[in-house]
Amino acid sequence: MCDTILQTRGVGKSYSTGGDSITVLENLDFTVHRNEWVAVLGSSGSGKTTLLNILGTLEKPDSGSIVFNGDLAYDSMSERAKAGFRCDKIGFVFQAYHMFPELSVFENVRLPAMLNGKRASKKKAAELLDKVGLAHRLKHKPTELSGGEQQRGAIARALVNSPDIILADEPTGNLDSATGERILEVLRELHRGELRTTIVMITHDLEVAGHADRKVFLKNGAIQNEM
Ligand SMILES: Nc1ncnc2c1ncn2[C@@H]1O[C@H](COP(=O)(O)OP(=O)(O)OP(=O)(O)O)[C@@H](O)[C@H]1O
Ligand SMILES: [Mg+2]
């Protein structure tokens, strides 16, 4: 198995809005090693979420390529194949949670497992919700939860399929320090546990980033490794 799980090569991304074009990522090279926990820091608007979406096949770069497990697969995958790949291999924790409003938190957490045809998902979903401290909120709809509770639900959902890699966008951004610490503990357990899950975590917070094995900075559209 190769030592690099995910790599971007010369990735560029611009947006045009109202006739203006903004370059967000420019010739960006970033390597994520298997089983590492890497924190991506950068100021607001520097392109962190854009990068995470590209890493997870949710957005297409304008130039460059992404390699997963040594396979230049992303570029040639159909939308359907990408959806299956994301569901199976990647655990997303979105900055804006993206829970389905009609489903309870328990159903939201189970959903990726059901899409994957995993039968044992009921037990797993309940265990994960217990881990993130939401065992008492299983039947609540996302709108009936606080921001921090939705964030914890989103983390449980990201873990339900035991993904190879977790892409987490500010996973502790809306949590008080004790709850944030609990979430970091869940991530640490996953990272150190049997599966040694690879984690890419975006954060503004240097202290949160200190939990990772390595920090990188996104600045002027490129990744700068910590000296
Ligand atoms: N769909 C879009 N259309 C136009 N511009 C966009 C789009 N998505 C993002 N941008 C712009 O690209 C830049 C990077 O956005 P991005 O969301 O990646 O930043 P970020 O580093 O995650 O910021 P934050 O820390 O505030 O979450 C921003 O200036 C934003 O306005
Ligand atoms: Mg963002």
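Going by the structure above, here's the rest.
Residues numbered from 1 in each chain as written. Chains lettered and ligands numbered in written order. Predicted model: local features only at pLDDT ≥ 70, side-chain atom pairs only at ≥ 80, totals over all residues. Heavy atoms only, no water.

(A) Highlighting the site of ligand 1. In the neighbourhood of ligand 1, 14 residues make up the surrounding shell, with Ser44, Gly45, Lys48, Thr49 and Thr50 lying closest. Contacts to ligand 1 include Gly47, whose backbone N or O atom sits 3.0 Å from an oxygen atom. For ligand 1, whose accessible area on its own is 640 Å², the fraction buried by protein is 63%. When contributions to the shell around ligand 1 are tallied by element, the ones reaching two or more residues are β1 (4-17), β2 (20-33) and α1 (48-55). Examining the composition of the shell around ligand 1, we find that 3 residues originate from one element, α1, more than from any other. By residue class, the composition of the shell around ligand 1 is 3 nonpolar, 10 polar and 1 charged. (Near = heavy atom within 4 Å. Polar contact = N/O pair within 3.5 Å; in protein donor to acceptor, adjacent residues only side chain to side chain. Areas by Shrake-Rupley, 256 points an atom, 1.4 Å probe, with all protein chains shown as cover. Helix = DSSP H or I, 4+ residues; strand = E, 2+ residues; numbered from the N terminus. Nonpolar A, V, L, I, M, F, W, Y, C, P; charged D, E, K, R; others polar.)

(B) Main features of the sheet that holds strand β9 (residues 222-225). As summarised here, the arrangement of the 6 strands in space is β5-β6-β7-β3-β8-β9, forming an open sheet in which the pairing is mixed. Bordering the open sheet on either side are β5 (90-93) and β9, each of which pairs with just one other strand. Ignoring which end each strand starts from, the neighbouring axes of this sheet average 20° apart. Strand direction decides the pairing type here: strand β6 (residues 165-169) and strand β7 (residues 198-202), joined by 5 bridges, are parallel. Directly across from Asp169, in β7, lies its bridge partner Ile202. Contacts between helix α2 (residues 79-89) and the sheet are confined to β5 and β6, with β5 contributing the most and set at about 85° to the helix. (Pairing = 2+ DSSP bridges. Axes fitted to C-alpha atoms, helices over the stretch in contact; angles between N-to-C directions. Contact = heavy atoms within 4.5 Å.)

(C) Highlighting the nonpolar core. Counting 34 residues, the largest nonpolar core has Trp37, Leu129, Val132, Ile166, Leu187 and Met201 as the members making the most contacts within it. Here the element with the most residues in this core is helix α5 (residues 147-159); it accounts for 5 residues. For Leu187, the contacting residues outside a window of four places in its chain are Trp37, Ile166, Pro171, Ile199 and Met201. (Core = buried A, V, L, I, M, F, W, Y, C linked by side-chain atoms within 4.5 Å. Buried < 20%, exposed > 50% of the residue type's maximum accessible area, 1.4 Å probe, protein only.)

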